Amino acid sequence: MNRYFYYNVFLGSMLNLMLYVPHILIKYRYNGAISSMLVAVAIGTGLAYLFTTVTQAFPGKGLPEILYIFFPRAIVIPILLFLAAMWYVASAIAIIAYAVLINRFFNPDTSAIIVLGLLTLVCIYGATRSTLSVMFMMEMGLIINTPLILFILMKSVRSENISWDAIRTIANYWNQMPQLTPIAAASYIFTGYINFSIYNRLTPPNFRLKFRWMIPVFCTVIMLISFFVPIGFHGTETVVHYIYLWSVTSDSLIMNYGFIERVIFVFLILYLNLTLIYTTSGWHQAIEMIKSCFPSNKPDVDQREIPWINWAIATLFAIVSLLYLHFFDEKESFKLASAWLVLRLFAEAGTVFLLFGMTLRYRRKSSL
Amino acid sequence: MRQNKLIQLAIVLPILLATLSGCGFKDIDKRFFVVAAGIDRPVNNPNRYLVTLKLAVPSPKIEPGSAKAQVESVEASTIAEAVRLIKSRVDKELDFGHCKLYLLGDRLSSQYYPDAMDWISRRRDIQNVAYIAIGRPDAKTVIEMNPPTERFPGNTLFLQLGKDGTESAYIVPVFSFDFIRKAQERGIDPVLPIMNKEKEEYVISKLALLNKNKTVATLSPNETEIYNQISHHMKKSTVTATINGQSLVLAVNKISSRYRIVKEANGSHILKMKIYISGIFEEAPLGVYSSNWSKLEQKFNEHYEAEANHLLTKIQQAEVDPFGFGLRYRATHAGSDQTWKAWLSIYPQLKFEIKANIKIDGTGISD
């Protein structure tokens, strides 16, 4: 069961590229990005430890069920709807960014709306499956994609064109004061654990999570790579000009004797898979949160029949994403992503502290 | 249950239908692949651009000399407009996705290059790993030429510039992302190889030094080799020395270099560079095997130190920094704007202290 938890952590941290996290950090490279990243390591790890303590206290129960133990329905429903919106927005930002990316780098002649329409069809299908199926999908997707992604990351770090002087120059700016936006952006990399709010339903009784130290170690490595490698490839000044920073960085790599010379195409396909998995998982959780608002809802992690409400909510999600892409441009998407990242930090910290506090009280009560 | 399936089908089918209207994808036989692009300033009209594109024409044969290419060149007030005008002259869609070389005309690069660079960095279909070079006398002349032994269009260019084909100490290939980062970086300036057309060949043996706006100096083939050795640790190179009027040439086996910028007691700065080279004789008079090697090495050291010192001074006088000494200074000093300002006043006064350490591994033949 342990590995299912870490799949979420890995997926969340590797997907930071799709939520403009490197670009936001790079914007603050002279004004506190480094110290903010250090703060984010502490915040992210701390929240992860607290949250996993809570979920371990309630094996087999998702976040909605835990909330219902503590609070009356009238309080839980707004919280659930808010959290559902947070999950939906994150996945929507990623999938919309990806549709735009395909439009930019793969096929400029195809409208991004059509691409997004096709992508959302896949996500609608995936997100309506049962919780267990989504978890298996994530496992398969990650096992297929992660080795190649790590290969590309290693290739980029070991490239002879990377300028270590530029990286050291930026690292010298460690003494600037940390700032909120870069902290929010960097702590996103650590946020994969929060997906266990729904997937905790899958855990067996007496479940104990092992290897929690892997969260800070793995996520810090990913964070450093996604921040510093683009600086090494594009210098301390030019790097800020690229919004789709990692697409441009992967295009700066070549595999002379690979079956395809330009790494960017491999990279884009890998991130297509990751984004689809991430969006599927995000939408699935949002659907489960919304469903939990109904008193009649009985969470079933492995149901045979897909209830119609799954389809309805997923279709609504897809339509909202399409409308969003139609009405807003690249710049507004980026602003939304930055705002969402900051809101997420507070929402997440609030949720985790609330749950942790209530769990302590609950334990004290039940031990009495 | 059955009804449910029907409803699902009724929803999914129309959505799929909507995508059948096509996605604007053009087949490969309706595309013209640009293999090289040149950007010039016309002689009589220095404010306009002359864009030259080499379009690959697929040929059923792959044999020396069978490469066919169509060259289109159009003058316009902007690069984008020129490309659009070329589109109106050809029958297939232009595709820059396989374009591996962008040539800047000599006139353009010695006037003002950032506009052309901007076009290259903004267009999404342009590879970040395309080569950039300067074309002499202009980009059009170089691009129009068809090497007689080329097997398929543009192949000579890629092989000559890249590491797959020839590897020469006089060729310093520059990728577009590398050029773009250096063109804006504080502490390192770009270099570009110069492509000359001579008879039916491309000659790439010189290096242009650029500041943030234009070309400011040109390195001779010899200086280019030393630049390549110090900066890229180019192994397929040589070092020479003259002893008693006879030339000795050492083919490099191993090469490494490192440098530090040191502050002296009196406040001035010295760049201390150490270069380690070891190699085998490729040209030497008979008798070197039995002579005293350490004396020969000493001669090589002196010769190399003098040449490198000359190169660094020349670069310093041109007020550019292609080695990235400034970036190294920023990397090793406190992160603040003062560091950069300090470097700007240090560099013109910087002294160089070069220690070459050349080791003879063998003589090729004994006497």
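The rules we used
Residues numbered from 1 in each chain as written. Chains lettered and ligands numbered in written order. Predicted model: local features only at pLDDT ≥ 70, side-chain atom pairs only at ≥ 80, totals over all residues. Heavy atoms only, no water. UniProt positions renumbered as here; feature names shortened; annotations may be inferred. Helix = DSSP H or I, 4+ residues; strand = E, 2+ residues; numbered from the N terminus. Patch = residues over 30% accessible without salt bridge, like charges linked within 9 Å, V, L, I, M, F, W, Y side chains within 5 Å. Areas by Shrake-Rupley, 256 points an atom, 1.4 Å probe, with all protein chains shown as cover. Salt bridge = Lys/Arg side-chain N within 4 Å of Asp/Glu carboxyl O. Lys, Arg positive; Asp, Glu negative; His and termini not counted. Charge placed at Lys NZ, Arg CZ, Asp CG, Glu CD. Buried < 20%, exposed > 50% of the residue type's maximum accessible area, 1.4 Å probe, protein only. Domains from an automatic or database assignment. Contact = heavy atoms within 4.5 Å. Buried area = accessible area lost by both parts, 1.4 Å probe. Nonpolar A, V, L, I, M, F, W, Y, C, P; charged D, E, K, R; others polar. 1 Å grid on protein atoms, 1.4 Å probe; cavity = no way out; pocket = protein on both sides within 12 Å on 5 of 7 lines; lining within 4 Å. Points joined across faces, edges and corners; volume = space filled by probe spheres on them. Polar contact = N/O pair within 3.5 Å; in protein donor to acceptor, adjacent residues only side chain to side chain. Core = buried A, V, L, I, M, F, W, Y, C linked by side-chain atoms within 4.5 Å. Pairing = 2+ DSSP bridges. Axes fitted to C-alpha atoms, helices over the stretch in contact; angles between N-to-C directions. Phe/Tyr/Trp six-rings, centres within 6.5 Å; stacked < 30°, edge-to-face > 60°. Lys NZ or Arg CZ within 6 Å of the ring centre and 35° of its normal.

As annotated in an unreviewed UniProt entry, chain B carries the name Spore germination protein B3 and is attributed to Paenibacillus plantiphilus. In its Subcellular location (unreviewed entry) section, the UniProt entry covering chain B states "Membrane".

As annotated in an unreviewed UniProt entry, chain A is Spore germination protein from Paenibacillus plantiphilus.

Asks: Would you take a moment to explain the UniProt feature "domain: Spore germination GerAC-like C-terminal" (unreviewed entry) in chain B for this structure?
Replies: According to UniProt, the "domain: Spore germination GerAC-like C-terminal" (unreviewed entry) feature falls on residues 206-364 of chain B. Helix makes up 35% of residues 206-364 of chain B and strand 38%, whereas the separation of the span's terminal C-alpha atoms amounts to 30 Å.

Asks: What is the right way to look at a positive patch on the surface in this model?
Replies: All names here are of chain B. A surface patch of like charges, here positive, comprises Arg-258, Arg-260, Lys-274 and Lys-355. Among the secondary structure elements, Arg-258 is positioned in strand S11 (residues 246-263). Looking at Arg-258, the relative accessible area reads 54%, which means it is exposed.

Asks: What is the right way to look at the pattern of salt bridges in this model?
Replies: Pairs may arise between side chains of opposite charge once their charged atoms sit close together. Going through the model one piece at a time under the given rule, you end up with 26 salt bridges over all chains. Ionic pairing is found between Lys100(B) and Glu261(A), a salt bridge with its closest N-O pair at 3.3 Å. Taken together, the positions of Lys100(B) in the loop between strand S4 (93-95) and strand S5 (101-105) and Glu261(A) in the loop between helix H12 (245-251) and helix H13 (263-291) put the pair across two chains. On the basis of relative accessibility, which here comes to 9%, the residue Lys100(B) falls in the buried class. Measuring nitrogen to oxygen at the nearest pair gives 3.4 Å for the salt bridge that ties Glu93(B) to Lys87(B). On the basis of relative accessible area, Glu93(B) is assigned to the partly exposed category, the value being 22%. Among the charged side chains, a network of salt bridges with common partners joins Glu65(A), Arg201(A), Glu288(A) and Lys291(A).

Asks: Which parts of the structure should I look at to understand the domain arrangement of chain B?
Replies: Note on interface size: it is often stated as the accessible area lost on association of the parts. All names here are of chain B. Assigned domains within chain B: domain 1 (28-219) and domain 2 (221-362). For domain 1 and domain 2, the distance between their C-alpha centres works out to 31 Å. In this assembly, 22 residues from domain 1 lie in contact with 26 residues from domain 2. Summed over both sides, the interface between domain 1 and domain 2 buries roughly 2000 Å², with carbon and sulfur atoms accounting for 63% of that surface. Its largest share of buried area at the contact with domain 2, domain 1 owes to Ala-169, Arg-186 and Leu-219, together 32% of the area lost on that side. Summed over the shared surface of domain 1 and domain 2, the result is one salt bridge. A salt bridge links Glu-167 to Lys-236; the shortest N-O distance between them is 3.4 Å. Listed by contribution, the elements that provide at least two residues to the side of domain 1 that touches domain 2 are strand S8 (201-210) and strand S9 (215-219). Tallying contributions element by element places S8 first for the side of domain 1 that touches domain 2, with five residues. For the side of domain 1 that touches domain 2, the class distribution of residues is twelve nonpolar, five polar and five charged.

Asks: Mind showing me how you'd approach the UniProt feature "domain: Spore germination protein N-terminal" (unreviewed entry) in chain B here?
Replies: Per the UniProt entry, the sites bearing "domain: Spore germination protein N-terminal" (unreviewed entry) are residues 26-196 of chain B in this numbering. Segment residues 26-196 of chain B splits into 27% helix and 28% strand. End C-alpha atoms: 36 Å apart.

Asks: For this particular structure, what's the right way to read empty space enclosed by the protein?
Replies: Empty space among the atoms becomes visible once a probe the size of a water molecule is rolled across them. All names here are of chain A. The tally for this structure, following the rule as stated, stands at seven cavities of 30 Å³ or more. Forming the walls of the largest cavity are 23 residues, and the residues nearest its centre are Trp-87, Ile-194, Trp-340, Arg-344 and Glu-348. Of all the secondary structure elements, the ones that give two or more residues to the lining of the largest cavity are helix H5 (73-106), H13 and helix H15 (330-367). For the lining of the largest cavity, the class distribution of residues is eleven nonpolar, ten polar and two charged. Empty space within the second largest cavity amounts to approximately 150 Å³.

Asks: I tried to follow the interface of chain A and chain B on my own but got confused; where do I start?
Replies: Counting from both sides, the interface comprises 39 residues of chain A and, opposite them, 36 residues of chain B. In total, about 3200 Å² of surface goes out of reach between chain A and chain B, with carbon and sulfur atoms giving 49% of it. The largest per-residue losses of area from chain A upon contact with chain B belong to Asp165(A), Asn172(A) and Arg262(A), which jointly make up 14% of the total buried on that side. Taken together, the links from chain A to chain B amount to three salt bridges. Arg186(B) is paired through a salt bridge with Glu237(A); the nearest N and O atoms lie 3.2 Å apart. Between the two partners, chain A and chain B, sit 21 residue pairs in polar contact (both at pLDDT 80 or more). When residues of the side of chain A that touches chain B are traced back to their parent elements, those giving at least two are H5, helix H6 (112-128), helix H8 (164-171), helix H11 (214-238) and H12 of chain A. It is H11(A) that provides the largest number of residues to the side of chain A that touches chain B, a total of seven residues. By residue class, the composition of the side of chain A that touches chain B is 13 nonpolar, 16 polar and ten charged.

Asks: It is not clear to me how the UniProt feature "transmembrane region" (unreviewed entry) in chain A should be interpreted in this structure. Could you clarify?
Replies: Residues and elements named next belong to chain A. Summarizing the sequence annotation, UniProt attributes the feature "transmembrane region" (unreviewed entry) to residues 6-26, 38-58, 70-100, 112-128, 134-154, 211-233, 308-327 and 339-360 in the numbering used throughout. The distance separating the terminal C-alpha atoms of residues 308-327 is 29 Å; by composition the span is 100% helix and 0% strand. Secondary structure content for residues 339-360 is 100% helix and 0% strand, while the C-alpha to C-alpha distance between its ends is 32 Å.

Asks: Could you clarify how one ought to interpret a nonpolar patch on the surface in this entry?
Replies: There is a patch of nonpolar side chains on the surface, built from Tyr49(A), Phe211(A), Trp213(A), Val217(A) and Val221(A) and spanning about 490 Å² of accessible area. With respect to the helices, strands and loops of the structure, Trp213(A) is situated in the loop between helix H10 (196-199) and H11.

Asks: Can you help me understand the nonpolar core in this one?
Replies: Here is a general trend for soluble globular proteins: nonpolar side chains tend to be buried in one another's company. In this structure, Phe227(A), Tyr304(B) and Phe325(B) are the most contacted members of the largest nonpolar core, which totals 246 residues. Here this core gets 20 residues from one element, more than from any other, and that element is H5(A). Here this core spans two domains, since at least three of its residues come from each of domain 1 (28-219) and domain 2 (221-362) of chain B. Non-local contacts of Tyr304(B), meaning those with residues more than four positions away in its chain, are made with Ile226(B), Gln229(B), Ile230(B), Val239(B), Ile275(B), Ile277(B), Ala356(B) and Ile358(B).

Asks: Help me out: how do you make sense of the sheet that holds strand S12 (residues 269-283) of chain B in this one?
Replies: Within a sheet, neighbouring strands are paired by backbone hydrogen bonds and run either parallel or antiparallel to one another. Residues and elements named next belong to chain B. Taking strand neighbours across the sheet as the criterion, the four strands line up as S10-S11-S12-S13 in an open arrangement whose pairing is mixed. Among the strands making up the open sheet, the edge pair consists of strand S10 (238-243) and strand S13 (351-362). Neighbour-to-neighbour, the strand axes of the sheet open up by a mean angle of 35 degrees, direction not taken into account. Of the strand pairs in this sheet, S10 and S11 are connected by six bridges, and their pairing is antiparallel.

Asks: I tried to follow the packing of aromatic side chains on my own but got confused; where do I start?
Replies: Here the distance between the centres and the angle between the planes together describe a pair of aromatic rings. Counted under the stated rule, the structure contains 36 aromatic pairs over all chains. With a centroid separation of 6.4 Å and an interplanar angle of 90 degrees, the aromatic rings of Phe211(A) and Trp213(A) are classed as edge-to-face. Ring centres of Phe233(A) and Phe177(B) lie 5.8 Å apart, and the angle between their planes is 55 degrees; on these two criteria the pair is classed as tilted. Of this pair, Phe233(A) sits in helix H11 while Phe177(B) sits in helix H7 (residues 176-184), on two different chains. Judged by its relative accessible area of 1%, Phe177(B) is buried. Through pairs of rings, three or more aromatic residues link up here, namely Tyr227(B), Tyr259(B), Phe323(B), Phe325(B) and Phe352(B). Between Lys92(B) and the ring centre of Phe32(B), over which it is positioned, the NZ or CZ distance is 4.4 Å. Directly above the aromatic system of Trp340(B) lies the positively charged group of Arg330(B), at a separation of 6.0 Å from the ring centroid.

Asks: What exactly am I supposed to notice about the side chain of Arg136(B) here?
Replies: Residues and elements named next belong to chain B. Of note, Arg-136 is situated in strand S6 (residues 131-136). Here the side chain of Arg-136 touches Asp-106 through a polar contact of 3.0 Å, side chain to side chain. Residues in contact with Arg-136, not counting those within four places in the same chain, are Asp-106, Val-142, Ile-194, Met-195, Asn-196, Lys-197 and Thr-218.

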